[in-house]
Amino acid sequence: MQRIFLKAKLHRVTATASEVDYEGSCEIDGVLLDAAGIGSFEQIQIYNINNGNRFITYAIRGKDNSGVISVNGAAAHKASVGDLLIIATYASYDEKELKDYTPKLCYVDKSNALVRTNSKIV
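Residues numbered from 1 in each chain as written. Predicted model: local features only at pLDDT ≥ 70, side-chain atom pairs only at ≥ 80, totals over all residues. Heavy atoms only, no water.

**Considering the overall build of the protein chain**
1) Next: A count of helices and strands for the protein chain gives two helices and nine strands.
2) Next: For a compact globule of 122 residues, the expected C-alpha radius of gyration is about 14 Å, and the protein chain comes in at 14 Å, within 12% of that figure.
3) Next: Counting the 122 residues in the protein chain, one finds 41% classified as buried.
4) Next: Within the protein chain, counting contacts between residues at least 6 apart in sequence, those at least 24 apart form 75% of the total.
5) Next: Of the roughly 6,800 Å² of accessible surface on the protein chain, a fraction of 49% belongs to carbon and sulfur atoms.
6) Next: For the protein chain, the distance from the average site of its 14 positive side-chain charges to the average site of its 14 negative ones is 9 Å. (Helix = DSSP H or I, 4+ residues; strand = E, 2+ residues; numbered from the N terminus. Rg over C-alpha atoms; globule rule 2.2 N^0.38 Å. Buried < 20%, exposed > 50% of the residue type's maximum accessible area, 1.4 Å probe, protein only. Contact = heavy atoms within 4.5 Å. Areas by Shrake-Rupley, 256 points an atom, 1.4 Å probe, with all protein chains shown as cover. Lys, Arg positive; Asp, Glu negative; His and termini not counted. Charge placed at Lys NZ, Arg CZ, Asp CG, Glu CD.)

If you want it as structure tokens, here you go:
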């Protein structure tokens with residue numbers, strides 16, 4: 001049996017741009033993508049802390065150490081510059097894989113710079 005668990009999360013990142021006239025997706029600082037193990041074009045779920053919107057899009061790699069979190073295309077209607085967001089990915093695991101399962105939890109400062117990672121909520 002496959003079960004779906006959190007794979008990674010970028011916790012309380014701040015939206016730095018919201019661009020409707022864009023092909024789509026969410027541009028994310030490359031350092032944050034690497035820390036969370038999120039790949040370019042991987043499906044992501046975004047939870048907007050400010051307004052409660054939840055939506056699905058995909059990640060595109062932004063410049064390393066830029067702090068960019070740009071919500072683009074139709075999704076731009078769901079987030080404004082300055083909104084706090086949680087960006088999450090999920091994966092399917094079988095019972096054997098769950099024995100070694102740990103999510104990648106990434107925490108940032110107000111500039112979206114990575115400050116710590118963890119595998120459990122503290």
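**A word on the side chain of Ser-70**
1) Next: Of note, Ser-70 is situated in strand β6 (residues 69-72).
2) Next: For Ser-70, the side chain forms a polar contact with the side chain of Asn-72, separated by 2.7 Å.
3) Next: Excluding anything up to four places from it in sequence, Ser-70 contacts Thr-16, Ala-17, Glu-19, Ser-25, Cys-26 and Glu-27. (Polar contact = N/O pair within 3.5 Å; in protein donor to acceptor, adjacent residues only side chain to side chain.)

**Some words on the side chain of Asn-72**
1) Next: Position of Asn-72 among the secondary structure elements: in strand β6.
2) Next: According to the relative accessible area criterion, Asn-72 is buried, its value standing at 2%.
3) Next: Leave out the neighbours within four places in its chain, and Asn-72 touches Glu-19, Tyr-22, Gly-24, Ser-25, Cys-26, Glu-27 and Ile-60.

**What to know about the sheet that holds strand β4 (residues 43-48)**
What links the strands of a sheet is backbone hydrogen bonding, and the strands pair in either a parallel or an antiparallel sense.
1) Next: In spatial order, the strands read β2-β6-β3-β5-β4-β7-β1-β8-β9; together these nine strands make up an open sheet with mixed pairing. The sheet is open, and its two edges are formed by β2 (17-19) and β9 (114-118), each paired on a single side. With strand direction ignored, the average angle separating the axes of adjacent strands in the sheet is 30°.
2) Next: Of the strand pairs in this sheet, β4 and strand β7 (residues 84-94) are connected by four bridges, and their pairing is antiparallel. Opposite Tyr-47, over in β7, you have Ile-86 as the bridge partner. (Pairing = 2+ DSSP bridges. Axes fitted to C-alpha atoms, helices over the stretch in contact; angles between N-to-C directions.)

**What about the pairing of β6?**
1) Next: Of the two faces of β6, the one carrying Ile-69 and Val-71 and the one carrying Ser-70 and Asn-72 are both buried.
2) Next: The pairing of β2 with β6 spans three bridges and is parallel. Across the sheet, the residue bridging to Ala-17 is Ser-70, located in β6.

**Some words on the environment of Val-68**
1) Next: On the secondary structure map, Val-68 appears in the loop between β5 (54-62) and β6.
2) Next: Distance from Val-68 to Val-122, taken between C-alpha atoms, is 26 Å for residues 54 residues apart in sequence.
3) Next: Those residues within four positions of Val-68 in sequence are excluded, and the remaining contacts are Thr-16, Glu-27, Ile-28, Asp-29 and Gly-62.

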